[in-house]
Amino acid sequence: MSTAAAAFSELYGYAPDGVWSAPGRVNIIGEHTDYNDGFVFPMAIDRRARVAAAQRQDGVLRLATTAPGEPAEIAAADLAPGVLSGWSRYLAGVHWAFGQRGVRVPGMDILLESDVPVGAGLSSSAAIECAAALAFAEAAGADLPREELVLICQQAENDFAGAPTGILDQSASLLSREGHGLFLDCRSRQSRLVSLDLGSEGMTVLVIDTKVSHAHDSGGYAERRRDCERAAEELGVGALRDVDLSDLVLSAQGMDQRAYRRARHVVSENSRVLTAVGQLEAGRPIRSLGPVLASSHESLRDDFEVSCPELDLAVEAAMAAGAAGARMTGGGFGGSALALVTEAGADSVERAVTRVFARAGYTVPEVFAVDPGAGARRES
Ligand code: GLA
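Cut-offs and rules
Residues numbered from 1 in each chain as written. Predicted model: local features only at pLDDT ≥ 70, side-chain atom pairs only at ≥ 80, totals over all residues. Heavy atoms only, no water. Helix = DSSP H or I, 4+ residues; strand = E, 2+ residues; numbered from the N terminus. Buried < 20%, exposed > 50% of the residue type's maximum accessible area, 1.4 Å probe, protein only. Near = heavy atom within 4 Å. Polar contact = N/O pair within 3.5 Å; in protein donor to acceptor, adjacent residues only side chain to side chain. Areas by Shrake-Rupley, 256 points an atom, 1.4 Å probe, with all protein chains shown as cover. Nonpolar A, V, L, I, M, F, W, Y, C, P; charged D, E, K, R; others polar. Patch = residues over 30% accessible without salt bridge, like charges linked within 9 Å, V, L, I, M, F, W, Y side chains within 5 Å. Salt bridge = Lys/Arg side-chain N within 4 Å of Asp/Glu carboxyl O. Lys, Arg positive; Asp, Glu negative; His and termini not counted. Charge placed at Lys NZ, Arg CZ, Asp CG, Glu CD. Core = buried A, V, L, I, M, F, W, Y, C linked by side-chain atoms within 4.5 Å. Domains from an automatic or database assignment. Contact = heavy atoms within 4.5 Å. Phe/Tyr/Trp six-rings, centres within 6.5 Å; stacked < 30°, edge-to-face > 60°. Pairing = 2+ DSSP bridges. Axes fitted to C-alpha atoms, helices over the stretch in contact; angles between N-to-C directions. Parallel < 35°, antiparallel > 145°, perpendicular 65-115°, else oblique. Left-handed = near helix turned anticlockwise from the far one by under 90°. Buried area = accessible area lost by both parts, 1.4 Å probe.

Visitor: Would you explain unusual backbone geometry in this entry?
Guide: Backbone geometry follows two general trends: most residues other than glycine have a negative phi, and most peptide bonds adopt the trans configuration. A positive phi angle is found at D37, which is not glycine, with a value near 65°. Tracing the backbone through its elements, the reader meets D37 in the loop between β1 (18-29) and β2 (39-56). A relative accessible area of 25% means that D37 is categorised as partly exposed. Phi angles above zero are rare outside glycine, and R189 is one such case at about 60°. Considering the arrangement of structural elements, one finds R189 in the loop between β6 (180-185) and β7 (191-195). What makes R189 partly exposed here is its relative accessible area of 42%.

And the structure:
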């Protein structure tokens, strides 16, 4: 029996109907492009949220977690944005979002267990939502395509949990496959898997969790979205996806300079995603992504201004210690950086980052390798 199922049985006194799990993600490249109708290239990681669940007949939701956190109990009929806070709103929000689409999910007992670090920019909330979405869809007898579940989870995150995020995280969690990255066009919502056989090239992806906690339901993220909308308006397009770099440069004079820099990040980042995916699909080695990762970081730091000193230092130290490429990953304002390194060089990159953080007086970072993990699935 999985530990989530065992913890469920211990808490509720009976066995769950099943256990569903979904991964966190690192975004390899394509940052702050999803809500601009652009391109992203994330991979699921081998850290997952697990939801053990059973149906109830009385329309009540009972939510508990193995992590520190108060359990919650609420009638499904009373679910509304703002009624819950903390981790439980990701589970309840998905239940609510199904209801918003007219899909009736029964009451449920739920036990959540997750090893996706919280606040590290690895989509711990999307992992919870996506595992719950599979459990709820099955309980409702609703055979919905995964692309639809992505939108249900996004609605939970946006309207119930109050974080105005795009579809990157939920898509990575629901649509990924082991050993692959996911190339996604956020406008058409078409995606394809791209092989990422890191091991065969002796490469690995290191996550450097700076321990600077971020949250996207507060200021900076929403502000960047507004900046992008304004820039699109100034440029007379529906979304920054529709702008190419040469047109943007020609418009620079007449534009608000901040809007211009925000737009330049998004436009150049979209083309970096296409470059990265194009290289991999042409059979170039994974380490050849190094330069695009490095320029993505510079653009996020200087034009989009979502990095922070800890992320910059992590990237700088990883590069100096021999990483092929490194960048902040996720929304920024803290969270994690990723570094593309050789397996042989991983330890020295970790030591170098830890050393410079200590010297700078920063909190000890957590550095760990991740593999491209499997997408959301029923475990048992
Ligand atoms: C967060 C959001 C995503 C995306 C990234 C930035 O992870 O949840 O939708 O916007 O930031 O790329």
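Visitor: Sorry, what's going on with the site of the ligand here?
Guide: Around the ligand sit 13 residues in total, of which E31, H32, D34, D169 and Y221 are the nearest. The separation between an oxygen atom of the ligand and a polar main-chain atom of H32 is 2.6 Å. One of the side-chain nitrogen or oxygen atoms of Y221 is found 2.5 Å away from an oxygen atom of the ligand. Taking 310 Å² as the accessible area of the ligand by itself, protein coverage stands at 98%. Partitioning the shell around the ligand into residue classes produces 3 nonpolar, 6 polar and 4 charged.

Visitor: Can you walk me through a negative patch on the surface in this structure?
Guide: Together, D46, D115, E178, E343 and D371 make up a region of like negative charge exposed at the surface. Note that E343 resides in the loop between β10 (336-342) and α11 (346-360).

Visitor: When you look at the nonpolar core in this model, what are you seeing that I'm missing?
Guide: Nonpolar side chains tend toward joint burial in soluble globular proteins. Judged by nonpolar contacts, the single largest core of 82 residues is most densely connected at F41, L63, L91, V94, F98, F136 and L174. It is helix α3 (residues 124-140) that provides the largest number of residues to this core, a total of 11 residues. Split by domain, this core shows at least three residues from each of two domains, domain 1 (8-195) and domain 2 (199-370). Ignoring sequence-local partners within four residues, the contact set of L91 consists of V51, L63, I110, L112, I128, A132 and F136. With 40 residues, the next largest nonpolar core counts Y260, V266, A339 and V367 among its residues.

Visitor: When you look at the packing of aromatic side chains in this model, what are you seeing that I'm missing?
Guide: What describes a pair of aromatic rings is the distance from one ring centre to the other and the angle between the planes of the rings. For the structure shown, the criterion picks out 7 aromatic pairs. Note on Y35 and Y221: the rings are 5.5 Å apart at their centroids and 70° apart in plane angle, and the pair reads as edge-to-face. Here Y221 lies in helix α6 (residues 220-235) and Y35 lies in the loop between β1 and β2, a separation of 186 residues in the sequence. The exposure class of Y221 is buried, given its relative accessible area of 5%. Considering the side-chain rings of F98 and F136, the 6.4 Å spacing of their centres and the 75° angle between planes classify their relative orientation as edge-to-face.

Visitor: What is the right way to read the environment of V356 from this model?
Guide: In this fold, V356 is placed in helix α11. Taking C-alpha positions, V356 is 32 Å from A172, a pair spaced 184 residues apart along the chain.

Visitor: How should I be thinking about the sheet that holds β10 in this particular structure?
Guide: Strand pairing in a sheet relies on backbone hydrogen bonds, with the paired strands running either antiparallel or parallel. As summarised here, the arrangement of the 4 strands in space is β9-β10-β8-β11, forming an open sheet in which the pairing is antiparallel. The strands lining the two open edges of the sheet, one partner per strand, are β9 (325-329) and β11 (366-370). Direction aside, neighbouring strands of the sheet carry axes that sit 25° apart on average. Two strands pair when backbone bridges link them, and strand β8 (residues 203-209) and β11 are joined in this way by 5 bridges, in the antiparallel orientation. Note that in β11 the partner of V205 across the bridge is V370.

Visitor: Sorry if this is basic, but what is going on with the packing of helix α4 (residues 146-160) against helix α5 (residues 168-175) here?
Guide: Packed helices, taken two at a time, are described by their axes: the angle between them and the distance between them. At a minimum axis distance of 9 Å, the contact between α4 and α5 shows a crossing angle of 140°. The angle between α4 and α5 places the two elements in the oblique class. In the packing of α4 onto α5, the handedness of the crossing is right-handed. The segment α4 lies against α5, with R146, E147, L149, V150, C153, Q154 and E157 engaging Q170, S171, L174 and L175. Of the residues in the contact of α4 with α5, the class split is 5 nonpolar, 3 polar and 3 charged.

Visitor: Can you help me understand the domain arrangement of the protein in this one?
Guide: Accessible area lost upon the coming together of the parts is a frequently used measure of interface size. If you check the domain split of the protein, you get domain 1 (8-195) and domain 2 (199-370). If you average the C-alpha positions of domain 1 and of domain 2, the two centres end up 25 Å apart. Contacts between the two partners involve 38 residues from domain 1 and, on the opposite side, 45 residues from domain 2. When the two sides are added together, the surface that domain 1 and domain 2 hide from each other amounts to roughly 3300 Å², 63% of it contributed by carbon and sulfur. Taken as a group, I29, E31 and H32 account for 20% of the area that domain 1 buries against domain 2, more than any other trio of residues on that side. Connecting domain 1 to domain 2 are 4 salt bridges. Here R241 makes a salt bridge to D185, at a shortest N to O gap of 2.9 Å. The tally of links between domain 1 and domain 2 comes to 18 residue pairs in polar contact (both at pLDDT 80 or more). Contributions of two or more residues to the side of domain 1 that touches domain 2 are made by β1, β2, β6 and β7.

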